[in-house]
Amino acid sequence: MTIGAARGRPCTLVVCRGCCCGNARKHPGSDHAWQLERLRAAAAENGFAVRTTDCLGPCDQANVIVVQPSAAGRRAGGRATWIGFAMDDDCTEDVLRWAAAGGPGVVAPPATLELQFVRPPREARNRARR
């Protein structure tokens, strides 16, 4: 049984692939396709979910990944965590290790990843309060 399946709804990574995130013309030094493939492969191995979405908003902080807590993480007080500037291999691996370990509310994020936490746009903060 995978980690996520043991706890109900698993941790979910929401990967922005809108106007700036994942755009090779705007960020030519990053292998955006590899990153998404790596995230999906690790999710399949470790029992968490990955989905893509259009623009999340903080385009000046591309690439953006939102780590949503699992059901267990939410019960423990975990909240969605926004990570900006998520383009290099080290950041991708930090996100994957955190998600595989349970994500927000279950386990603390790597200290290096905390340096990349960003505030969600106002619209997302308002939706979270509802």
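Refer to the preceding data block for the structure.
Reference entry: report on the structure contained in this document. Within each chain, residue numbers correspond to sequence positions counted from 1 in written order. Where local features are concerned, this predicted model is filtered to residues with pLDDT of at least 70; where side-chain atom pairs are given and counted, the filter is 80 or more; whole-chain, interface and lining totals use all residues. Just so you know, side-chain values use all the structure's heavy atoms and leave hydrogens and water out.

### Re the side chain of Arg17
With respect to the element layout, Arg17 can be found in the loop between strand S1 (12-16) and helix H2 (32-46). Buried and without a salt bridge, Arg17 has Asp31 as its closest oppositely charged side chain, separated by 8.2 Å. What qualifies as a polar contact is a pair of N or O atoms within 3.5 Å, subject to a donor-acceptor requirement within protein and to the restriction that residues adjacent in sequence count only when both atoms come from side chains. For Arg17, the side chain forms a polar contact with the main-chain oxygen of His32, separated by 3.3 Å. Beyond its immediate chain neighbours, meaning those up to four positions away, Arg17 contacts Gly22, His32, Gln35, Leu36, Thr52, Thr53 and Asn63. Going along the chain from the N terminus, every DSSP run of H or I of four or more residues is numbered as a helix, and every run of E of two or more is numbered as a strand. Each residue gets one of three labels from its accessible area relative to the maximum for its type: buried under 20%, exposed over 50%, partly exposed in between, using a 1.4 Å probe on protein chains only. Note that His is not counted, nor are the chain ends; the positive residues are Lys and Arg, and the negative ones are Asp and Glu. By convention in these notes, a salt bridge is any Lys or Arg side-chain nitrogen within 4 Å of a carboxyl oxygen on Asp or Glu. Contacts between residues were defined by any pair of non-hydrogen atoms, one from each residue, lying within 4.5 Å.

### Comments concerning the sheet that holds S1
By definition, the strands of a sheet pair up through backbone hydrogen bonds, in either a parallel or an antiparallel sense. Strand order in the open sheet formed by four strands is S2-S1-S3-S4, and the pairing between neighbours is mixed. Looking at strand neighbours, the two that pair on one side only are strand S2 (49-53) and strand S4 (81-83), the edges of this open sheet. Averaged over all pairs of adjacent strands, the angle between strand axes in this sheet comes to 20°, irrespective of strand direction. The pairing criterion is simple: DSSP has to find at least two bridges between the two strands. The pairing of strand S3 (residues 65-68) with S4 spans three bridges and is classified as antiparallel. Across the sheet, residue Val67 finds its bridge partner in S4, namely Thr81. Its contacts with the sheet place H2 against S1, S2 and S3, and it is angled at close to 150° to S2. Lines fitted to C-alpha atoms define the axes, with helix axes restricted to the stretch in contact, and inter-axis angles between N-to-C directions lie between 0 and 180 degrees.

### Things to note about a negative patch on the surface
Exposure above 30% relative accessible area and the absence of a salt bridge qualify a residue for a patch, where like charges join within 9 Å and nonpolar side chains (Val, Leu, Ile, Met, Phe, Trp, Tyr) within 5 Å. In these tables, accessible area is a Shrake-Rupley quantity obtained with a 1.4 Å probe, and a residue counts as shielded only by the protein chains included in the view. The atom standing in for a charge is NZ when the residue is Lys, CZ when it is Arg, CG when it is Asp and CD when it is Glu. Together, Asp31, Glu37, Asp88, Asp89 and Asp90 make up a region of like negative charge exposed at the surface. Mapped onto the elements of the fold, Asp90 is located in helix H4 (residues 89-101). Exposure remark for Asp90: the relative accessible area of 60% places this residue in the exposed category.

### Observations concerning the environment of Ser30
By secondary structure assignment, the location of Ser30 is in the loop between S1 and H2. Assessed through its relative accessible area of 17%, Ser30 is described here as buried. Each C-alpha atom, one on Ser30 and one on Asn63, is 9.7 Å from the other, the two residues being 33 residues apart in sequence.

### Some words on H2
Since there are 3.6 residues in each turn of an α-helix, residues three or four apart along the chain are aligned in direction. Multiplying 1.5 Å by the helix residue count minus one yields the expected span of that helix. Between its first and last C-alpha atoms H2 spans 21 Å; for 15 residues at 1.5 Å apiece the expected length is 21 Å, and the two agree. Looking at the packing, one finds that the buried side of H2 touches S1, S2, S3 and H4. In the segment just after H2, Gly47 is the residue with positive phi, at about 80°.

### Digging into the pairing of S2
Pairing of S1 with S2 involves five bridges; the strand directions are parallel. Within S2, the position partnered with Cys16 by the bridge is Thr53. In this fold, the crossover linking S1 to S2 by way of H2 has right-handed handedness. Seen with its strands pointing away from the viewer, a crossover is right-handed when the path leading from the first strand over the helix to the second is clockwise.

### Here's the deal with the nonpolar core
Ranked by size, the top nonpolar core spans 20 residues in total, and within it Leu13, Phe48, Val50, Ile65, Val67, Ile83 and Val95 carry the most contacts. Only S1, H2, S3 and H4 provide two or more residues apiece to this core. Among the elements that line this core, the one with the most residues is H4, at six residues. Not counting residues up to four positions away in its chain, the partners in contact with Ile65 are Leu13, Val14, Val15, Gln35, Leu39, Thr81, Trp82, Ile83, Ala86 and Val95. The criterion is simple. A nonpolar core is a set of buried Ala, Val, Leu, Ile, Met, Phe, Trp, Tyr and Cys residues joined through side-chain atoms within 4.5 Å.

### As for the pattern of salt bridges
For the coordinates displayed, the defined rule picks out two salt bridges. For Glu93, the salt bridge goes to Arg38, with nearest N and O atoms at 2.9 Å. Highlighted residues: Glu93 in helix H4 and Arg38 in helix H2, separated in sequence by 55 residues. By relative accessible area, which is 21% here, Glu93 ends up partly exposed. Classification of Arg38 as partly exposed rests on a relative accessible area of 26%. Taking the shortest distance from any N to any O, the salt bridge between Arg97 and Asp94 comes out at 2.6 Å. Taken together, the residues Arg97 and Asp94, both in helix H4 and three residues apart, mark about one turn of the helix.

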